[in-house]
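# Structural description and commentary
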Amino acid sequence: MMKRSPRHAVVHKASCVACGTCVDVCPRGAMRIHAGSFAEVNEDLCVGCEICARECPASAITVEVRA
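Below: a short report on this structure.

Calculation criteria
- Residues numbered from 1 in each chain as written.
- Predicted model: local features only at pLDDT ≥ 70, side-chain atom pairs only at ≥ 80, totals over all residues.
- Heavy atoms only, no water.
- Helix = DSSP H or I, 4+ residues; strand = E, 2+ residues; numbered from the N terminus.
- Buried < 20%, exposed > 50% of the residue type's maximum accessible area, 1.4 Å probe, protein only.
- Polar contact = N/O pair within 3.5 Å; in protein donor to acceptor, adjacent residues only side chain to side chain.
- Contact = heavy atoms within 4.5 Å.
- Salt bridge = Lys/Arg side-chain N within 4 Å of Asp/Glu carboxyl O.
- Pairing = 2+ DSSP bridges.

### Topic: the side chain of serine 5
Relative to the elements of secondary structure, serine 5 occurs in the segment before strand S1 (7–11). Residue classification places serine 5 among the buried positions, given a relative accessible area of 15%. Side-chain polar atoms of serine 5 contact the backbone oxygen of valine 47, separated by 3.1 Å. Residue contacts for serine 5: discarding those within four places in its chain leaves Cys46, Val47, Gly48 and Arg66.

Put into structure tokens, the structure is as follows:
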């Protein structure tokens, strides 16, 4: 089992427009569109690189430090 990164992406579902940009730019394949309505993060794959947050046209993703 891989150790999780201390940072991870968080999708703010109310702001997400399910455009798929985060899916396209994530180098780890950690993002997917759930039921065509919002993005979802696989926390086991996410390393908190911030690419998805920078590229999200709706500003619906932030990167946070795990508690």
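### Quick word on the environment of cysteine 49
Mapped onto the elements, cysteine 49 comes out in the loop between strand S3 (38–41) and helix H2 (51–55). Considering only alpha carbons, one finds cysteine 49 and proline 27, 22 residues apart in sequence, at a separation of 9.0 Å. Not counting residues up to four positions away in its chain, the partners in contact with cysteine 49 are Pro27 and Arg54.

### A look at the pattern of salt bridges
Pairs may arise between side chains of opposite charge once their charged atoms sit close together. Tallying each qualifying case throughout the model produces two salt bridges. Linking arginine 32 and glutamate 40 is a salt bridge whose minimum nitrogen-to-oxygen distance equals 2.7 Å.

### Side note on the pairing of S1
Of all five residues making up S1, four are buried, and the element is well covered by its neighbours. Bridge analysis of S1 against strand S4 (residues 61–65) gives five bridges, and the strand direction is antiparallel. Each residue of the ladder has a partner; that of alanine 9, found in S4, is valine 63.

### Notes on the environment of arginine 4
By the element assignment, arginine 4 lies in the segment before S1. Arginine 4 has contacts with Glu43, Asp44 and Arg66, leaving out every residue within four places of it along the chain.

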